[in-house]
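As a plain string of letters, each chain reads:
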Amino acid sequence: MSYPLLLVDAFIDQPFSGNPAGVCILDKEQPASWMQQVALEMNQAETAFVHKRVDGSWDLRWFTPQVEVNLCGHATLAAAHALWQHAGETAAILEFHTLSGRLTATRIGDQIQLDFPADFPQSVAAVPPALLQILGGHPHWFGQGRDDLIAVLDSAEAVRNFVPNAEQIASFTTRGLILSAPGDAGSGLDMVSRFFAPKVGINEDPVTGSAHCLLACYWGNRLDKTHLRAQQASPRGGLLTLDWKDDRVLLSGKARTMLTGEFHG
C-alpha cells in the first residue's frame, strides 16, 4: 500500500523557517503501532495522520519519533494546509477529532487559524534544582500547565542565549519546558519563547503551537490583552498570532509545502 506523505513547514515567516511536520493522508484507519513506525521513519518532531470520516470531518493523530502526543499545533496547521492544497478539500472550515477533543482549522486570507483549548498555568513554588542550575538562578515566574512547565525570564535576550542541557531538562519534565520572556522593545512582539522536550525525543522544537495555548493565557493575564503576537526564538524561528477567548485559544500562522511523495509500507 502507498499513502500520500508530505513535509510541510508550519508557522513560517520566511523560507526555511517555522516547524517542519510530516503529514500522512490515509484512506483507512491504521494501527497506532504502524503510525509510530512511520513517524520514526520520518524523524520529524511530529508526523500527523489524517483519515476522513463519512460525515466529511477528519480523524487526526500526532506522533513524535517516540510517542503519540495529545496535542500538536504545528502538525495540525500542516495537516490543514496539506488537505486544502493537495487532497482536494474544499470546506472553508476543517473539523478534526483528536485526543484533545474537537479542533477546527479555518482559512483566513493566506493564514490558517486553529481553534485549540486554552491551557491555564498554575504557579509552582518549588523550582527544580536542575532548572536552577541550567538557568543560573531563579526565573521571574515558574509554573505548570497541562503537559508542560514554564519558566519566565526577564528578557528576550536571556531566552535566545539559553544553552539547554537535554539530560537535565528530561530529569524534571513530564513532556516539555517552555522558556519565555517579554518581546523586544519596539519589535511589536508581546512575547518570545523556546520549547524543549527531550523526554519525548525533541531536544528543541522550532515552533510549538500547543505551548502557545499556555503562553496566550499567561501573557494575556499579565499584559491584560486578548490579542497577542508571539515569536518562537528557535534557530529556525516562527511567528504566531494568538487570540485568547475564555477557554479557547485561536492560533494563526502560515504554512508552506516543502516535499510531496508517497510512503510505501
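That block above? That's the structure.
Our subject in this report is the structure included herewith. (Residues numbered from 1 in each chain as written. Predicted model: local features only at pLDDT ≥ 70, side-chain atom pairs only at ≥ 80, totals over all residues. Heavy atoms only, no water.)

A word on the pattern of salt bridges
Right, on to step 1. Within this structure, the stated rule accounts for twelve salt bridges.
Right, on to step 2. For Lys52, the salt bridge goes to Glu89, with nearest N and O atoms at 3.5 Å. Placement of Lys52 in strand β3 (residues 47-52) and of Glu89 in the loop between α2 (73-86) and β6 (93-98) is noted, with a sequence separation of 37 residues between them.
Right, on to step 3. Overall, the relative accessible area of 10% leaves Glu89 in the buried class. (Salt bridge = Lys/Arg side-chain N within 4 Å of Asp/Glu carboxyl O. Helix = DSSP H or I, 4+ residues; strand = E, 2+ residues; numbered from the N terminus. Buried < 20%, exposed > 50% of the residue type's maximum accessible area, 1.4 Å probe, protein only.)

Details of the nonpolar core
Right, on to step 1. Counting 57 residues, the largest nonpolar core has Val23, Val50, Trp62, Leu94, Phe96, Ala105 and Leu242 as its most contacted members.
Right, on to step 2. Grouped together as the second largest cluster of nonpolar side chains are 19 residues, Ala130, Phe142, Leu149 and Leu189 included. (Core = buried A, V, L, I, M, F, W, Y, C linked by side-chain atoms within 4.5 Å.)

Quick notes on the side chain of Thr173
Right, on to step 1. Looking at where Thr173 falls in the secondary structure, it is placed in the loop between α5 (166-172) and β12 (176-182).
Right, on to step 2. Of note is the side chain of Thr173, whose polar atom sits 2.8 Å from the backbone oxygen of Ile169.
Right, on to step 3. Aside from chain neighbours lying at most four places away, what touches Thr173 is Leu149 and Lys199. (Polar contact = N/O pair within 3.5 Å; in protein donor to acceptor, adjacent residues only side chain to side chain. Contact = heavy atoms within 4.5 Å.)

Structural notes on the pairing of strand β13 (residues 191-197)
Right, on to step 1. Where burial is concerned, most of β13 is hidden: seven out of the seven residues are buried.
Right, on to step 2. Sheet analysis places β12 next to β13, joined by six bridges and oriented antiparallel. Residue Pro182 lies in a different strand from β13, and its bridge partner there is Met191.
Right, on to step 3. Of the pairings in the sheet, the one linking β13 to strand β15 (residues 227-232) comprises three bridges and is parallel in character. (Pairing = 2+ DSSP bridges.)

Comments concerning the packing of aromatic side chains
Right, on to step 1. On inspection of all chains with the given rule, the structure shows eight aromatic pairs.
Right, on to step 2. Ring centres of Phe49 and Phe63 lie 5.7 Å apart, and the angle between their planes is 85°; on these two criteria the pair is classed as edge-to-face. Of this pair, Phe49 sits in strand β3 while Phe63 sits in strand β4 (residues 58-63), placing them 14 residues apart in sequence. One exposure class covers both Phe49 and Phe63, and it is buried.
Right, on to step 3. Through a chain of ring-to-ring contacts, the aromatic side chains of Tyr3, Trp34, Phe49, Phe63 and Phe263 assemble into a single cluster. (Phe/Tyr/Trp six-rings, centres within 6.5 Å; stacked < 30°, edge-to-face > 60°.)

Structural notes on unusual backbone geometry
Right, on to step 1. With phi around 60°, Phe11 is a residue other than glycine that occupies positive phi space.
Right, on to step 2. A positive phi angle, near 55°, is found at Asp224, a position not held by glycine.

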